[in-house]
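# Reading the structure
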Amino acid sequence: VQQAYVHLESRGLIKAMPKSGFYVNSFHRERLPDPESLLGSLVSSEVAVSELVSNHFLAARDPLMVPLGAACPSPELFPSSRLNRILRELAREVPLHSSEYEFPPGSMSLRRQIARRSIQWGCKLSPSEIVTTSGGMEAINLCLRAIAEPGDTIALESPTYFGILQSIESLKMRALEIPSDPRHGMDLDVLKQAVRKTKIKACVVISNFNNPLGSLMPDENKKRIAEILIPRGIPIIEEDFYGDLAFNGIRPKDIKSFDVDGWVMLCSSFSKTLAPGFRIGWTAPGRFQAQVERLKFVNTVATPSLPQMVIAEYLENGGYDRHIRKLRQAFSVQIQRVAQAVLRCFPEGTQVSRPEGGFVLWVELPKEVDSIRLHQLALRQKISILPGAVFSPSGRYRNFIRLNCGNVWTPQIEAALATLGTLCRSFS
Ligand SMILES: Cc1ncc(COP(=O)(O)O)c(C=O)c1O
């Protein structure tokens, strides 16, 4: 036992407290550096991440790949058999479900369930304020198109989810990176400076457990961002895909709960918690609802009916809260295990984020590691990761990677992380 203590202490996993025994160390090393230092001047840029992202997803399709790239939980963590049972029952009970369009704003039963839950986020939405969409990405696209045009500047967190960048790129808009702290998200002093200096058409924020940073914007910042942007007539597209996945079980509020007059367009989906393959998302677009509904009709006419019905029924009677409790627990354990393995296997100087929810880790590697090259080397070893550059419109974060921790821990994942550590060392 003594030897085990010595061994664990030498690996930094536990620490001795005088007259008190051994305690498990927080699994993180120091805080990631203040990302503000990563930014130069506040200027908007064109976005060109799509090629890098598509190359990644093409290569990562290989079923033998260890999936540390795309932010996807292991299939066994989703309640698929319960959803399948509901699907069979509904198909039997409503045999004509496929014979009509579910025109925007979408399924009433699903919107009712989302509205019922919105009280937990401090929003008190009514079903009539919600529009269902084909996945969360459609919600984001529709919101951007409803309020901005080619050439307009969109402020966003740096780093941020590459899907937002791809959407901005495809719409020929420009992006303005606002530095973001791995704990508290967007730096609002810099945002305030930016809105004084530049004409910003909208601001996109992942308020709860940002992907890839894992940051959680505190309530006072949520209130403050609304106070900075709304009086200037700048809409906020708020993404909250991970809020249900807070490890402490306390559901964080949304910026939308501080909204005045419908300037916050809240977007979410069930892809991270229930069924990515159903492609069901939604938005509460506030004062821009009419435009969003019109664009939804132009884009895909309607959202498929049966998956909406299944999710509505699951939210009402399927045990969503129990499922989410289990999922949170699983992600919290998986995050810990991956972070510990990274700190054990990666070179000195590696730092790891400390998210309090969600299931991705943001890893800073020593400066000499080029994560795009690392990504290529890893793919050859059948390991997928995402290089930091896809999370920035200006190609920052060359020595960062994002790791998906949605997978149940296996020896294969452990071995893959050890291999990644070895590959990182090959750069020095
Ligand atoms: C922040 C964020 N927004 C949007 C999406 C895409 O969601 P969906 O699969 O519902 O389109 C993701 C998926 O990784 C995400 O992390």
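First, a word on scope: everything that follows refers to the structure included in this document. From a predicted model like this one, the values you see are computed outputs, not experimental measurements.

With that settled, the discussion passes to the site of the ligand. Taken together, 14 residues sit near the ligand, with Glu-239, Tyr-242, Ser-269, Ser-271 and Lys-272 positioned nearest. Ser-271 places a polar side-chain atom, nitrogen or oxygen, 2.6 Å from an oxygen atom of the ligand. One nitrogen or oxygen atom from the side chain of Arg-279 is found 2.8 Å from an oxygen atom belonging to the ligand. Within the complex, the protein chains bury 93% of what would otherwise be the 400 Å² of accessible surface of the ligand. Applying the majority rule of atoms within 2 Å of the grid points places the ligand in the largest pocket. Among the elements that take part in the shell around the ligand, helix H5 (residues 135–147) stands out by supplying four residues, more than any other.

This brings us to the side chain of Asn-210. Locating Asn-210 in the fold gives a position in the loop between strand S8 (202–206) and helix H8 (219–229). A polar contact of 2.8 Å, which involves the side chain of Asn-210, links it to the backbone nitrogen of Leu-213. Not counting chain neighbours up to four residues away, the residues in contact with Asn-210 comprise Glu-157, Pro-159, Thr-160 and Ser-215.

A separate point is empty space enclosed by the protein. For the structure shown, the criterion picks out four cavities of 30 Å³ or more. Computed from the structure, the largest cavity encloses a volume of approximately 190 Å³. Lining of the largest cavity is provided by 19 residues; of these, Trp-121, Asp-244, Ser-268, Phe-270 and Tyr-320 occupy positions nearest its centre. Broken down by secondary-structure element, the contributors of at least two residues to the lining of the largest cavity are helix H4 (108–118) and strand S10 (264–269). It is S10 that provides the largest number of residues to the lining of the largest cavity, a total of four residues. Per-class residue counts for the lining of the largest cavity are nine nonpolar, five polar and five charged.

About the cut-offs
By convention here, each chain's residues receive numbers from 1 onward along its written sequence. Restriction of local features to residues with pLDDT of at least 70 applies here, the model being predicted, together with a cutoff of 80 or more for giving and counting side-chain atom pairs; totals for whole chains, interfaces and linings are based on all residues. To get the side-chain values, take all heavy atoms of the structure and skip hydrogens and water. In these notes, residues near a molecule or strand are those with any non-hydrogen atom within 4 Å of it. Polar contact is defined as a pair of N or O atoms within 3.5 Å, subject to the rule that within protein one atom must be able to donate a hydrogen and the other to accept it, and that residues adjacent in sequence are counted only when both atoms are side-chain atoms. Methods summary: accessible areas were calculated by the Shrake-Rupley approach with a probe of 1.4 Å, and residue burial reflects only the protein chains presented. Here a cavity means grid points, on a 1 Å grid over the protein atoms only, where a 1.4 Å probe fits yet cannot get out; a pocket means an open set of points with protein on both sides within 12 Å along at least five of seven lines; lining residues are those with an atom within 4 Å of a point. Whether a molecule sits in a cavity or pocket is decided by its atoms, more than half of which must lie within 2 Å of the grid points. Note on conventions: DSSP H or I runs of at least 4 residues are helices, E runs of at least 2 residues are strands, and numbering of each starts at the N terminus. Contact definition: two residues touch when any of their heavy atoms are within 4.5 Å. Grid points are joined across faces, edges and corners, and a volume is the space filled by probe spheres set on the points. Throughout this entry, Asp, Glu, Lys and Arg are counted as charged residues, while Ala, Val, Leu, Ile, Met, Phe, Trp, Tyr, Cys and Pro are counted as nonpolar. The remaining residues, Gly among them, count as polar.

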